[in-house]
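Summary of the model geometry
Here is how the chains run, residue by residue.
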Amino acid sequence: MESISRQRVSNLRRPLKYLSAAVLFAAFFVFFYLKYVPLVPGFQALVLGSGLAVLVLAAARPETGTLAFLLLFPLVNAWPYLFRIDEHVPHAPAALVLFLFYLLGRLVGRAFGAHRESGSDPIRRPIGFFAGLVAVSAAVTFWRFSGFFPFVADRLYEYPVNVTGVSAGGARMSAVFVALNLLGGMTFYALVRPLLRDAGFRRRALSALAAGLLVAAAAGLAQKIFDPRFGNTAFWADMHQINGTFKDPNAFGAVLSMFLPLLIAAFFREGGKLRPLFGAAALLGLIVFPFIGSRSPLLGLGSGLLWIAASAVLAWKRAGGRLGKTAVAGVLLAAALAAGLGGIVAQRARLFQRLSDNVSALARGDGLAALSRERYFLWREALAMARDYPVSGVGAVAYILELPNYYAKDTTFSS
């Protein structure tokens, strides 16, 4: 009887724990939303409509809410630009806001018993460790840009934190965004990992992500053909680099470099109705990739494709060296398309121009730094910061804020 009573108390405490967490998180989210999400009517309609839909779906059923989030995640970060909310207007990343809706939905679902406990997971401990590291680093950074209030300063002051005039308030805001982005990514992985144990859900999740990336790639192609400034910032448009539906070209290229190899592998592995979706997303992504103009993702894409090719060779050997006619035709067709499209579009693409400049610089004997003078100085200043902050590090987000100060002191850069 005593054990039954304890079990009942335990069963009662669990939903109360999640209900308390949901209420506290909802209070924080309302404050965050009102402070950092611009109250522009059209933008609010998009953000609130998609966010509330994800919240309700995630609260009702975690699998459905996760699929909705994966579908929308590649599409939302360029929404502010459609309403002239550019990089000069302080605002939270739209994808971060969408995730907070998703997380609140998951907490509500747990509070009202709509979700099952996922049980123990060995990945939780390392994720918890790194999450704690990020949280402490961000808190210290926030405190530093607060003038160590209330122990040193008597209130929060607005003062410039670097030579470009960024204020302490802007620095604190950036610390909040970066911390929530990092913590949100780790939390999302911990929440979704148990769901991915089901093969059917993995297939549906990849389908939702592929559909979102297909729309993003189509938007990027439309930018290139019609108007590179649509849904883009003036800075990147003047650089002739497209961002699709992402915050900037670097983010667009990074996401494509991660998922294009996976979509190509899924195209050959999966059959039926999903194959055209995976193939269309991968093909359109490859077409638009050179116009993004970001060079680092090219290395990631090449590495991913090599990994997929090596995996295919190993699978072929395990099958006794037998390869079906369909697979052979598919590989040859993919190679022909890649070569043809590369030859047609690359010579006019921003990526090709930047790589050509790098090769020309190396041919002139300018040294390895000429491959990317921007990154050369980024790493140079990073090493200088590591020497100045050998124990604690410069702190979450503080690298970007301190960078102009180090540039100003670097005589090599100023010359």
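Residues numbered from 1 in each chain as written. Predicted model: local features only at pLDDT ≥ 70, side-chain atom pairs only at ≥ 80, totals over all residues. Heavy atoms only, no water.

On a plain count of helices and strands, the protein comes out with 17 helices and zero strands. Out of the 415 residues in the protein, the part that is buried amounts to 40%. Within the protein, counting contacts between residues at least 6 apart in sequence, those at least 24 apart form 72% of the total. If you sum the accessible surface of the protein, you get close to 23,400 Å²; carbon and sulfur atoms cover 68% of it. (Helix = DSSP H or I, 4+ residues; strand = E, 2+ residues; numbered from the N terminus. Buried < 20%, exposed > 50% of the residue type's maximum accessible area, 1.4 Å probe, protein only. Contact = heavy atoms within 4.5 Å. Areas by Shrake-Rupley, 256 points an atom, 1.4 Å probe, with all protein chains shown as cover.)

Time to look at empty space enclosed by the protein. Rolled over the atoms, a probe with the dimensions of a water molecule shows which regions are left empty. The final tally for this structure, using the stated rule, is one cavity of 30 Å³ or more. Space inside the largest cavity adds up to approximately 40 Å³. If you go around the largest cavity, the residues you meet are Val47, Ser50, Val76, Trp79, Ala94, Val97, Leu98 and Phe101. Of all the secondary-structure elements, those providing two or more residues to the lining of the largest cavity are α2 (41-60) and α5 (94-111). If you tally residues by element for the lining of the largest cavity, the top one is α5, at four residues. (1 Å grid on protein atoms, 1.4 Å probe; cavity = no way out; pocket = protein on both sides within 12 Å on 5 of 7 lines; lining within 4 Å. Points joined across faces, edges and corners; volume = space filled by probe spheres on them.)

Moving on, we come to the confidence of the model for the protein. Of all residues in the protein, 81% have pLDDT values of 70 or greater, and the mean over the chain is 85. At the level of individual helices and strands, the protein shows its lowest average pLDDT in helix α13 (residues 325-345), which scores 54, and its highest in helix α3 (residues 62-72), which scores 97. (pLDDT = per-residue confidence, 0-100.)

So, about the packing of aromatic side chains. Inspection of every chain in the model, using the stated rule, returns 24 aromatic pairs. Pairing phenylalanine 25 with phenylalanine 28 gives two aromatic rings, centres 6.0 Å apart and planes at 45°, and the pair type is tilted. One end of the pair is phenylalanine 25 and the other is phenylalanine 28, both in helix α1 (residues 2-36) and three residues apart, which spans about a single turn. The exposure class of phenylalanine 25 is buried, given its relative accessible area of 14%. Ring centres 5.6 Å apart and planes at 65° place the aromatic pair tyrosine 102 and phenylalanine 188 in the edge-to-face group. With tyrosine 102 in helix α5 and phenylalanine 188 in helix α7 (residues 168-192), the pair connects residues that are 86 residues apart, well separated along the chain. Tyrosine 102 gets classed as buried once you look at its relative accessible area, which sits at 0%. (Phe/Tyr/Trp six-rings, centres within 6.5 Å; stacked < 30°, edge-to-face > 60°.)

On to unusual backbone geometry, then. Backbone torsion omega between phenylalanine 149 and proline 150 reads 5°, so that peptide bond is classified as cis. Residue position: proline 150 is located in the loop between α6 (124-144) and α7. Phi at histidine 240 is positive, roughly 60°, even though this residue is not glycine. With respect to the secondary-structure elements, histidine 240 resides in the loop between α9 (234-238) and α10 (249-269).

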